[in-house]
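Structure assessment
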Amino acid sequence: MDTIPKADQARTLRQYGAFNGLGLWTLYQREVGRFLKVWMQTVFAPVVTTLLFMTVFKLAFGDRGQLTGDFEALRYNDFLAPGLIMMAILQNAFANTSSSLVQAKFNSTHVDFLMPPLSPLELTLAFLGGAVTRALLIALICGVAIQLSGLANLPIRHIWPILWFALTSAVILGALGIAGGIWADKFDHLAAVTNFVIVPLTFLSGTFYDVKVMVEPFEAITHLNPIFYMIDGYRYGHIGVANGSLQIGVIYTGLLALGSTFGVWAMFRNGYKLKA
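Residues numbered from 1 in each chain as written. Predicted model: local features only at pLDDT ≥ 70, side-chain atom pairs only at ≥ 80, totals over all residues. Heavy atoms only, no water.

Structural notes on the overall build of the chain
- Summing up its helical and strand segments, the chain has eleven helices and zero strands in all.
- Helices (α) and strands (β) of the chain occur, in sequence order from the N terminus, as α-α-α-α-α-α-α-α-α-α-α.
- Considering only C-alpha atoms, the chain reaches an extent of 85 × 40 × 35 Å along its principal axes.
- For the chain, the residues scored as buried account for 46% of the 276 residues in total.
- For the chain, the computed accessible surface area is about 14100 Å², with 67% contributed by carbon and sulfur atoms.
- Of note, the chain has its 18 positive side-chain charges centred 8 Å away from the centre of its 15 negative side-chain charges. (Helix = DSSP H or I, 4+ residues; strand = E, 2+ residues; numbered from the N terminus. Buried < 20%, exposed > 50% of the residue type's maximum accessible area, 1.4 Å probe, protein only. Areas by Shrake-Rupley, 256 points an atom, 1.4 Å probe, with all protein chains shown as cover. Lys, Arg positive; Asp, Glu negative; His and termini not counted. Charge placed at Lys NZ, Arg CZ, Asp CG, Glu CD.)

This is the structure we're talking about:
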C-alpha cells in the first residue's frame, strides 16, 4: 500500500498556532448565518416590536407626556426611544446565544464545536461575537426606523456612551445567554430566566420612566440594577442627560462584561453540562 512521505504529510496538515483565528471566524460566521437565515424572526420581528411600543406610547400620550427633573425639557418619546433600543439589545443578545446552545444540546450537535481545535477562549469569543452582531444590528435598524418614521428624535450627543454601553450590554447579556443555554435542560428553564430575571430588571430600570419619581428605598435599589446603568448611559449618548453617575456606569458595566466573559470561558473550559 502506498504511503504518503512524511514531508508531504507535513505540508497537507493544517498547522494551528496558539490562537486558531480561522476556527474562531468560522464559528462566528456560523452564529451570524444562523440568525440571518431566519431574519424575519430574529431581526425584523424585534424591530417591529420596538416600533409598536413607540407607536402605542405616541398615540396614548402624543406630546402630552410629562417628564420632571433632569428630563423636564424633553418630549416623552425622545426619552423613551433609547430605553426601548437598549431593551432590544439586551433581549436579542441573550436570545441569540441561549437559543443556539440549547438547540445544539437538544439536537446533539454541540459536538460540532467541541471536537474542532477550538479553545475555550475561542468558543467564548465566537458565540459572544454572534450575539453582539445581532444586538447591534437590531439597535441600528431600530434607531434609523424610529428617526425616519418621526416617532422620536434620536440625536447623537455623545458617541462614546452609545458605543460603550451598547457593546458592554450586548456582551453581558450574550454571556448570560451562553450560561443559561449551557445550564438549561429544557426551554422552560430559559423562559424562566427571561421572564423572572431579564424582563423585570429591564422594566424596573427606568426604561419607561424617570427613576427619580420612585420613593425610597426603591430608587436606591434601582441604582443597584446593572440594567439601569446600561439604559441610562446609552440614553445619555442620545439626549445628553443622565439619571445616574456615568463613571459608575462605565466601571460597573465594564467589570460585569469582563466577569461574565471569564465565567463563560470557565464553563467551556470545565465542559459543564457539555462533556460527558
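Comments concerning helix α4 (residues 76–106)
- In this model, α4 (31 residues) spans 44 Å end to end at C-alpha, consistent with the 45 Å of a helix rising 1.5 Å per residue.
- The first or second residue beyond α4 is serine 108, which carries a positive phi of 55°. (Expected span 1.5 Å × (residues − 1).)

Observations concerning the packing of aromatic side chains
- Inspection of every chain in the model, using the stated rule, returns 13 aromatic pairs.
- Residues tryptophan 39 and phenylalanine 44 carry aromatic rings whose centres are separated by 6.3 Å and whose planes lie at 75° to one another, so their mutual orientation is edge-to-face.
- Relative accessible area serves as the criterion here: at 44%, tryptophan 39 is assigned to the partly exposed category.
- Relative accessible area serves as the criterion here: at 41%, phenylalanine 44 is assigned to the partly exposed category.
- Members of the aromatic cluster, connected to one another through ring pairs, are Phe53, Phe57, Tyr76, Phe79, Phe203 and Phe208.
- Directly above the aromatic system of phenylalanine 79 lies the positively charged group of arginine 235, at a separation of 3.8 Å from the ring centroid. (Phe/Tyr/Trp six-rings, centres within 6.5 Å; stacked < 30°, edge-to-face > 60°. Lys NZ or Arg CZ within 6 Å of the ring centre and 35° of its normal.)

Things to note about the environment of glycine 21
- When you line up the elements, glycine 21 lands in helix α2 (residues 21–37).
- Sequence separation between glycine 21 and alanine 88 is 67 residues; the distance between their C-alpha atoms is 30 Å.

Focus on helix α11 (residues 246–270)
- If you check α11, its first and last C-alpha atoms are 36 Å apart, about what 25 residues at 1.5 Å a residue would give, namely 36 Å.
- Leu246, Gly249, Thr253, Gly254, Ala257, Ser260, Thr261, Val264, Met267 and Phe268 are the residues of α11 that are buried.
- Its side-chain oxygen 3.4 Å from the backbone nitrogen of glutamine 247, serine 245 forms the N-cap of α11. (Polar contact = N/O pair within 3.5 Å; in protein donor to acceptor, adjacent residues only side chain to side chain.)

Let's talk about the environment of alanine 104
- Locating alanine 104 in the fold gives a position in helix α4.
- Separated by 153 residues in the primary sequence, alanine 104 and alanine 257 have C-alpha atoms spaced 24 Å apart.
- If near-sequence neighbours (up to four positions away) are discounted, alanine 104 is found in contact with Thr109, His110 and Phe113. (Contact = heavy atoms within 4.5 Å.)

Things to note about a nonpolar patch on the surface
- A cluster of nonpolar side chains, contributed by Ile156, Ile159, Trp160, Leu163 and Trp164, occupies part of the molecular surface with about 530 Å² of accessible area.
- The topology assignment puts tryptophan 164 in helix α7 (residues 159–183).
- You can call tryptophan 164 partly exposed: its relative accessible area is 34%. (Patch = residues over 30% accessible without salt bridge, like charges linked within 9 Å, V, L, I, M, F, W, Y side chains within 5 Å. Salt bridge = Lys/Arg side-chain N within 4 Å of Asp/Glu carboxyl O.)

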